[in-house]
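If you want the building blocks of each chain, they are given just below.
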Amino acid sequence: MRILVVDDDPNVAETVRRMLAAEGWVVTVEPDGAAGLERASHEQFEVIVLDIMMPGRNGYEVVRTLRSEGVWTPILMLTAKDGEYDQADAFDFGADDYLTKPFSFVVLIARIRALARRGAPERPAILEAGSLRLDPAGHTVRRGEVQVELTAREFGVLEFLMRHKGQVVSKAEVLNSVWDANYRGDENLVEVYISYLRRRIDSPFGCKAIETVRGVGYRLAADGGG
């Protein structure tokens, strides 16, 4: 089994390499995100072990770029960061597993074996509405050939609308899907984000994808509005 380890700490990288090599696996080590990204993009590995906090391109950027390029090799992220939001970010960007430092090598090896058994998943479906395309795993949005930059919340609202394209959805439904279930604020917050989205995906392209249905909610045109 071929494994790629990407970590800027030479001591950690070498220790991991030796432990994995002792299992009979072929291990390639890269010292930073840019080198790891280059290697992972052009060679086949069964599992990638990726540190998050690295100079230059961090682990989040690497996993997001790999997924956007269609590289679906299982990725285990190793990091000293153990906050729940850090873990959520890792999974949102496309990681498959997450292990905090210091870690048990018994657990690391077990996690790698599990990922290898699972294999690379099939590419998740791209959501489309006319010229509008949203990649849930790669976390990217395009209008035609132009990539559109969205915040995480804008992305969540657009994804919900695209999964229900052609259907009218209420503000409450958007809130329940995109915001925390315990959110008790003003439903008009959805209106604010709809306005943001129109400025990103419609106005610059002369399109009208998001329709307001007065007294009911919003509808994303099935044809993407243009």
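Residues numbered from 1 in each chain as written. Predicted model: local features only at pLDDT ≥ 70, side-chain atom pairs only at ≥ 80, totals over all residues. Heavy atoms only, no water.

A. Fine view of the sheet that holds strand S8 (residues 140-143). Strand order in the open sheet formed by 4 strands is S6-S7-S8-S9, and the pairing between neighbours is antiparallel. Two strands bound the open sheet, and with one partner strand each, they are strand S6 (127-129) and strand S9 (146-148). On average, adjacent strands in this sheet sit at an angle of 25 degrees to one another, irrespective of strand direction. Of the pairings in the sheet, the one linking S6 to strand S7 (residues 132-135) comprises 3 bridges and is antiparallel in character. The residue of S7 that forms the bridge with Leu127 is Leu134. Sheet strands in contact with helix H6 (residues 152-163) are S6, S7 and S8, and its direction is about 115 degrees off that of S7. (Pairing = 2+ DSSP bridges. Helix = DSSP H or I, 4+ residues; strand = E, 2+ residues; numbered from the N terminus. Axes fitted to C-alpha atoms, helices over the stretch in contact; angles between N-to-C directions. Contact = heavy atoms within 4.5 Å.)

B. Structural view of the side chain of Asp202. Tracing the backbone shows Asp202 in helix H8 (residues 188-202). At a separation of 2.9 Å, a polar atom in the side chain of Asp202 contacts the main-chain amide nitrogen of Ala209. Sequence-distant contacts of Asp202, that is, excluding residues within four places in its chain, are made with Arg143, Leu197, Cys207, Lys208, Ala209 and Ile210. (Polar contact = N/O pair within 3.5 Å; in protein donor to acceptor, adjacent residues only side chain to side chain.)

C. The packing of aromatic side chains, seen in detail. Under the counting rule described, the total for this entry stands at 2 aromatic pairs. Taking the centre distance of 5.3 Å and the plane angle of 70 degrees together, the rings of Phe103 and Phe105 count as edge-to-face. Phe105 gets classed as partly exposed once you look at its relative accessible area, which sits at 23%. The interplanar angle of 80 degrees and the centroid separation of 5.2 Å between the aromatic rings of Tyr193 and Tyr196 together place this pair among those described as edge-to-face. Residue Tyr193 and its partner Tyr196 are located together in helix H8, separated by 3 residues, close to a single helical turn. Judged by its relative accessible area of 18%, Tyr193 falls in the buried class. Exposure remark for Tyr196: the relative accessible area of 29% places this residue in the partly exposed category. (Phe/Tyr/Trp six-rings, centres within 6.5 Å; stacked < 30°, edge-to-face > 60°. Buried < 20%, exposed > 50% of the residue type's maximum accessible area, 1.4 Å probe, protein only.)

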